[in-house]
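Each chain, written out:
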Amino acid sequence: MASSSSPQRQPTIGFPRRRSARRLAAAPPAKSGPDPTAPRLPPCPRAPGPAEPGRAAPGTRSARTKALPLSPRKRLGDDNLCNVPRALPCSPAKRSKENRGRRLLFGDPQASPEKPSSPGPSPRRGGQETPRSSGLGGQPARTRLFRQEGTCYQQAKRVLHAAVPDRLHARERETGIIRQFLREHVGGRRPGSLYVSGAPGTGKTACLSRVLLDCKDELAGSKTIVLNCMSLSSPQGVFPAMAQQLGLPAAAGREGVRRLEKQLTAQGPMVLLVLDELDQLESKGQDVLYTLFEWPRLPGSRLVLVGLANALDLMDRSLARLSAQPAGSPRLLHFPPYTREQLSAILQERLGQVAGDPVLDAAALQFCARKVSAVSGDARKALDVCRRAVEVVELEVRSQTLLKPLPGGDSPASPVPKRVGLPHVSRVISEVFGDRLAAGGQGARDAFPLQQKVLLCSLLLLVRHLRAREVTLGKLHDAYSQVCRRQQLPAVDQAECLSLVTLLESRGVLELKKTKEPRLAKVSLKMEEAAVEHALQDVVLVGSILAQGLR
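Residues numbered from 1 in each chain as written. Predicted model: local features only at pLDDT ≥ 70, side-chain atom pairs only at ≥ 80, totals over all residues. Heavy atoms only, no water.

K.L.:
In this structure, what is going on with the overall build of the chain? I would like to understand it.
P.N.:
When you go through the chain residue by residue, the secondary structure sums to 20 helices and 10 strands. The 551 residues of the chain split such that 37% are buried. In the chain, of all internal contacts separated by at least 6 residues, the share reaching a separation of at least 24 is 75%. Surface accessibility of the chain: about 32,100 Å² in total, with carbon and sulfur atoms responsible for 53%. (Helix = DSSP H or I, 4+ residues; strand = E, 2+ residues; numbered from the N terminus. Buried < 20%, exposed > 50% of the residue type's maximum accessible area, 1.4 Å probe, protein only. Contact = heavy atoms within 4.5 Å. Areas by Shrake-Rupley, 256 points an atom, 1.4 Å probe, with all protein chains shown as cover.)

Quick look at the structure:
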C-alpha cells in the first residue's frame, strides 16, 4: 500500500519549477493528477535537459529575461535604462525629464548641440515619453533663445568702453603739446617737469597713454615709470615704488630718498616718471611734492616728471616756492571740460563702429551730450550713460524675445529690435547724477527743501572762501546762520543742521566724517562744485545767495 502511494506524492516536488516556468510565461497550465513526465524534469533551472512541449529553450529564456523590465514601475520597454548594457550615468527618472517640450536653439538649427544619430536603434526611443513635437511631420517646435554674443547691443556696449581709443576727439592740441614735450626733454636728454590739470573725464590720462603708445619707439632708450598715486598707502610710499622700478634695494626714510637722488643724478638713460592723481601726494609741509619737482632741477639730473591731477591751482596753492624760480618751475597744461558738440562727436564716432542701423536714437544722443556737458563735461560719464541705457533696452528686449518662436530658424527682420530712446537715457541720467540735484530738470525747483538749498549754498561759499575741501560743521552752521540773517530766513540750530547734513549725505551730495564733538565733524562735497552750482542757480533766491558771497 505504501509502495503504491509513494509515486502519487512525487508531483509536489515540481511546484517550484512550475512557478518559475509560469513567471517566464513558457510552461502550460498545470494538469490535475499524476504527471508521468515529472520525474524527467531537470533538478536545476540552469542544468541542460530536453525541452518540454510549450517550454522555451534555454537560449530563448536567457534573451527573454534580459528584455523584461525589472519592476512594474520601470516597465517602459526600451526606455528601461537598467536593462541597457551601456546606461547613462544618471537615473532614468532624471534623464526622462530632459529635453521634453520645446527645444531651445542657440543659433542656427544645424549648429545646435545634438548628438549624432547612431545607425542602430536608440535605447531612449520607442518608449512612453511626453509628446515633444507639436509641428508638422513630427518635428519638434524650434524656439528662438535670445543670444547675447554678436548682437547689436553687445557691439554697442563694446564700443562704448572707456579704454584708450585710437583717436581722441577735440584733444589734438593737448596731445601735440605732450608729444612735443617728451621729444624735447626725453629725446633731447633735458630734465624737466610738466603738470597736467583738468576735471575728471576730460582726457588727461587717455591723451598721455596714447602719446606713450605712439612714441614707444622714440622712448625705447629711456626708462618709463608710471605710478597711480591712489594705490599708495601714504605720500612717502612713492619713493619705495620708484626704487623698485629702478631696481634699487628697498630703503625707508631719508636713506631711500638719498639713494634715489644719487641714482637719478648718475650717468645713465633718461628716466620718465608719470604720476597720476598727483594731488594724493599732498602732505604736511608738502615735502614729498617739493622733493619730486626739485629733482629735475639738480645738476646732472636725468629725470623728466609728468604729473596729472584734477586741481587747477595745485601749483599755486601747494607749491608756491616753485614759482619763485621761473626757470625751474613746471610747465602747465590744462584740459578744459568737453562741450556739447565735442561729446556728441565722441558718441557718434563710437556708435558709428556698430554695423547696421543705429542703436541709439539721435535725439537721445544729443540729450545725453547736452546734460553731461552742462553738469561736468565728463566724457567717461557720457559713455557710461549711453552704455547703461543700452543695457536697459537689452534687458527689455531679452524679456520679450526669450521664448518667442522663430519660424524656420531665420534671423529677425530688423537687426535692431528696439532703439535706445530719450526716455531710457533720461532715466539713466537720473540714476547716474541722481535725483540728488535733478540738474536742469522740470522738478529742480522742488528737488530740495529750502533749508537744504541754503545749507548747500553756504557750503559752496565757505569752501571757496577758505579754499579747503573740508569744513567743520561749526563753521558751516555759522556761515549758514549768516546767510539766513541776510536773506531774512529762519535758521535752524546746530543739531538740526547736523540732521540736514545727514539727509544730504544719504542722497549722495555731501560726505560727513563724524567725531566725538559734533561741531568738529568734517563736511565735504561729494560732487563737483560746478554741478551743485548749476542745479541751484535755477532758483532766484539761491542765485542771489551765491552772488552776494560771504562777508
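K.L.:
Just checking my understanding: could you explain the packing of helix α12 (residues 340-351) against helix α13 (residues 362-375) for this structure?
P.N.:
Relative orientation and spacing of two packed helices are given, respectively, by the angle between their axes and the distance between those axes. At a minimum axis distance of 8 Å, the contact between α12 and α13 shows a crossing angle of 135°. Taken together, the axes of α12 and α13 lie oblique to each other. Of the two elements, α12 crosses α13, and the hand of that crossing is right-handed. Of α13, the residues touching α12 (which contributes Arg 340, Leu 343, Ser 344, Leu 347, Gln 348 and Leu 351) are Leu 365, Gln 366, Cys 368, Ala 369, Arg 370, Val 372 and Ser 373. Per-class residue counts for the contact of α12 with α13 are 7 nonpolar, 4 polar and 2 charged. (Axes fitted to C-alpha atoms, helices over the stretch in contact; angles between N-to-C directions. Parallel < 35°, antiparallel > 145°, perpendicular 65-115°, else oblique. Left-handed = near helix turned anticlockwise from the far one by under 90°. Nonpolar A, V, L, I, M, F, W, Y, C, P; charged D, E, K, R; others polar.)

K.L.:
When you look at the packing of aromatic side chains in this model, what are you seeing that I'm missing?
P.N.:
For any pair of aromatic rings, the description consists of the separation of the ring centres together with the inter-plane angle of the planes. Counting across every chain of the model gives 1 aromatic pair. Taking NZ or CZ as reference, Arg 321 lies 3.8 Å from the ring centre of Tyr 290, over its face. (Phe/Tyr/Trp six-rings, centres within 6.5 Å; stacked < 30°, edge-to-face > 60°. Lys NZ or Arg CZ within 6 Å of the ring centre and 35° of its normal.)

K.L.:
How should I be thinking about the state of the cysteines in this particular structure?
P.N.:
Each disulfide consists of a covalent bond between the sulfur atoms of two cysteine residues. Throughout the structure, instances matching the rule amount to 0 disulfides. Among the cysteines around Cys 386, which has no disulfide bond, Cys 368 carries the closest sulfur, lying 3.8 Å off. On the basis of relative accessibility, which here comes to 1%, the residue Cys 386 falls in the buried class. (Disulfide = S-S within 2.5 Å.)

K.L.:
Help me out: how do you make sense of helix α17 (residues 473-487) in this one?
P.N.:
For an α-helix the count is 3.6 residues per turn, leaving residues at separations of three or four pointing the same way. Taking 1.5 Å per residue, 15 residues should reach 21 Å; α17 reaches 21 Å between its end C-alpha atoms and fits that length. Buried within α17 we find Leu 473, Gly 474, Leu 476, His 477, Ala 479, Tyr 480, Ser 481, Val 483, Cys 484 and Gln 487. Buried positions along α17 lie against α16 (450-466), β8 (470-472), α18 (494-506), β10 (522-525) and α20 (540-548). Gln 488 lies just past α17 and shows a positive phi near 55°. (Expected span 1.5 Å × (residues − 1).)

K.L.:
What should I look at first to understand the pairing of strand β9 (residues 510-513) in this one?
P.N.:
Residues in a regular strand project their side chains so that they alternate between the two faces of the sheet. Burial of β9 is one-sided: the residues Leu 510 and Leu 512 facing one way are buried, the residues Glu 511 and Lys 513 facing the other way are not. Pairing of β9 with β10 involves 4 bridges; the strand directions are antiparallel. Across the sheet, the residue bridging to Lys 513 is Lys 522, located in β10. (Pairing = 2+ DSSP bridges.)

K.L.:
Hey, could you run me through the sheet that holds β10 in this one?
P.N.:
As a general point, the strands of a sheet are linked pairwise by backbone hydrogen bonds and lie either parallel or antiparallel. Ordered in space as β8-β10-β9, the 3 strands form an open sheet in which the pairing is antiparallel. Whereas interior strands pair on both sides, the edge strands pair on one side only; in this sheet they are β8 and β9. Going from strand to strand, the sheet's axes swing by 30° on average, the running direction of each strand aside. One ladder, built from 3 bridges, connects β8 with β10; its direction is antiparallel. Within β10, the position partnered with Val 471 by the bridge is Val 523.

K.L.:
Would you mind showing me how to read the pairing of strand β6 (residues 303-309) here?
P.N.:
Of all 7 residues in β6, 7 are buried; the element is thus mostly enclosed. In this sheet, β6 lies alongside strand β3 (residues 192-198) in parallel orientation, the contact comprising 6 bridges. Residue Gly 192 lies in a different strand from β6, and its bridge partner there is Val 304. For the crossover from strand β5 (residues 271-276) across helix α10 (residues 287-294) to β6, the handedness is right-handed. (Right-handed = clockwise from strand over helix to strand, strands pointing away.)

K.L.:
Which parts of the structure should I look at to understand the pattern of salt bridges?
P.N.:
Enumeration over the complete set of coordinates arrives at 19 salt bridges. Measuring nitrogen to oxygen at the nearest pair gives 3.3 Å for the salt bridge that ties Arg 183 to Glu 218. A residue pair is termed long-range when its members are at least 10 positions apart, and Arg 183 in helix α6 (residues 172-187) and Glu 218 in the loop between α7 (204-214) and β4 (223-228) qualify at 35 residues. Residues Arg 210 and Asp 214 are paired through a salt bridge, measuring 3.4 Å at the closest nitrogen-oxygen approach. (Salt bridge = Lys/Arg side-chain N within 4 Å of Asp/Glu carboxyl O.)

K.L.:
Got a minute to help me understand helix α15 (residues 422-432) in this structure?
P.N.:
Listing the buried residues of α15 in full gives His 424, Val 425, Val 428 and Ile 429. Angular distribution of buried residues about the axis of α15 spans 130°; they occupy a single face of the element. (Arc of directions from axis to C-beta.)

K.L.:
Mind showing me how you'd approach the side chain of Gln 154 here?
P.N.:
Note that Gln 154 resides in helix α5 (residues 152-159). Residue classification places Gln 154 among the buried residues on the basis of a relative accessible area of 15%. Here the side chain of Gln 154 touches Glu 394 through a polar contact of 3.1 Å, side chain to side chain. (Polar contact = N/O pair within 3.5 Å; in protein donor to acceptor, adjacent residues only side chain to side chain.)

K.L.:
Whenever I open this one, the packing of helix α8 (residues 238-245) against α10 confuses me. Can you help?
P.N.:
Interaxial distance between α8 and α10 falls to 11 Å at its minimum, and their mutual angle equals 35°. Note on element contacts: α10 touches α8 through Val 288, Thr 291 and Leu 292, opposite Val 238, Phe 239 and Met 242. Residue composition of the contact of α8 with α10, by class: 5 nonpolar, 1 polar and no charged.

K.L.:
What am I meant to see in the sheet that holds β5 here?
P.N.:
Strand order in the open sheet formed by 5 strands is β4-β5-β6-β3-β7, and the pairing between neighbours is parallel. Two strands bound the open sheet, and with one partner strand each, they are β4 and β7 (331-335). Across the sheet, the mean angle separating the axes of adjacent strands is 15° when strand polarity is ignored. Inspection of the sheet shows β3 paired to β7 by 5 bridges, in the parallel sense. Residue pairing in the sheet places Val 196 in a bridge with Leu 333 of β7.

K.L.:
Would you mind going over the confidence of the model for the chain with me for this structure?
P.N.:
Low pLDDT means the predicted coordinates in that region are not meant to be read closely. For the chain, the mean per-residue pLDDT works out to 75, and 66% of the residues sit at or above 70. In the model, residues 103-139 has pLDDT below 50 throughout and makes 46 contacts with residues more than four positions away in sequence or in other chains. Within the model, pLDDT remains below 50 along residues 435-446, and this stretch shows 28 contacts once partners closer than five positions in the same chain are excluded. (pLDDT = per-residue confidence, 0-100.)

K.L.:
Quick question: what am I supposed to make of the environment of Glu 277 here?
P.N.:
Looking at where Glu 277 falls in the secondary structure, it is placed in the loop between β5 and α10. Between the C-alpha atoms of Glu 277 and Leu 308, which are 31 residues apart in sequence, the distance is 5.6 Å. Filtering out sequence-adjacent residues up to four positions away, Glu 277 remains in contact with Asn 228, Cys 229, Met 230, Leu 308 and Asn 310.

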